[in-house]
Amino acid sequence: MTRQREEIEDVTLTVSTRISMTLEHLDRMGPVEGVEARFSAAADAVNHISLSVFRFDDQALVTPHLARLVGHDSPLMHLRRRADGGMFSRFAEHAGELWAGGVPVSAERVR
């Protein structure tokens, strides 16, 4: 899925490079309470590659990656939990489901 997204984006700063950079920075930080990273489960990879969700308690930053655009050219939405079942809840549930099936990033896999 990563290579497919790289073909779609067709930019020098590839998805693989961005993943490697992120993992390198996380590795430099060492263990930080409350900070976790996971790789997509093979069965869910197609769903992960098209969505970025950064959740902070009752707020989230969500970027639905638009077709043929690099992630930073897609809209960033700042969502706040206002009521159950709203947009925040939908994205949180979706991300939670994908997260639950993800594979934790270990120090061995980062290096």
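Residues numbered from 1 in each chain as written. Predicted model: local features only at pLDDT ≥ 70, side-chain atom pairs only at ≥ 80, totals over all residues. Heavy atoms only, no water.

Draft legend 1. Representation of the nonpolar core. Leu 51, Ala 60, Val 62, Leu 79, Phe 88, Phe 91 and Ala 92 form the largest nonpolar core, which has 7 residues in total. Elements with a contribution of two residues or more to this core: β3 (59-64) and α4 (87-101). Examining the composition of this core, we find that 3 residues originate from one element, α4, more than from any other. Discounting residues that sit within four places of it in the chain, Val 62 has contacts with Leu 51, Ser 52, Val 53, Pro 75, Leu 76, Met 77, Leu 79 and Phe 91. (Core = buried A, V, L, I, M, F, W, Y, C linked by side-chain atoms within 4.5 Å. Buried < 20%, exposed > 50% of the residue type's maximum accessible area, 1.4 Å probe, protein only. Helix = DSSP H or I, 4+ residues; strand = E, 2+ residues; numbered from the N terminus. Contact = heavy atoms within 4.5 Å.)

Draft legend 2. Region of the structure containing the pairing of strand β2 (residues 51-56). With 6 bridges joining them, β2 and β3 adopt antiparallel strand pairing. Counted as the bridge partner of Phe 54 is Leu 61 from β3. Taking the residues that link successive antiparallel strands as the turn, the β2-β3 hairpin has 2 residues, and the phi of Asp 57 there is positive, at about 50°. (Pairing = 2+ DSSP bridges.)

Draft legend 3. A look at a nonpolar patch on the surface. Among the surface-exposed residues, Met 29, Val 32 and Val 35 lie close enough to one another that they form a single nonpolar patch of about 240 Å² accessible area. Note on placement: Val 32 falls in the loop between α2 (15-29) and β1 (38-39). (Patch = residues over 30% accessible without salt bridge, like charges linked within 9 Å, V, L, I, M, F, W, Y side chains within 5 Å. Areas by Shrake-Rupley, 256 points an atom, 1.4 Å probe, with all protein chains shown as cover. Salt bridge = Lys/Arg side-chain N within 4 Å of Asp/Glu carboxyl O.)

Draft legend 4. Looking closely at the pairing of β3. The pairing of β3 with strand β4 (residues 77-80) spans 4 bridges and is classified as antiparallel. The partner of Val 62 across the bridge, within β4, is Met 77.

Draft legend 5. Just the pattern of salt bridges, in detail. Counted under the stated rule, the structure contains 4 salt bridges. For Glu 36, the salt bridge is made with Arg 38, and the minimal N-O distance between the two is 3.5 Å.

Draft legend 6. Structural view of the sheet that holds β2. Pairing is antiparallel across the open sheet formed by 3 strands, whose spatial order is β2-β3-β4. Edge positions in the sheet fall to β2 and β4, since each has one partner strand and no second. In this sheet, neighbouring strand axes are inclined to one another by 20° on average, regardless of whether the strands run parallel or antiparallel. Its contacts with the sheet put α4 on β2, β3 and β4, and the angle it makes with β4 is roughly 100°. (Axes fitted to C-alpha atoms, helices over the stretch in contact; angles between N-to-C directions.)

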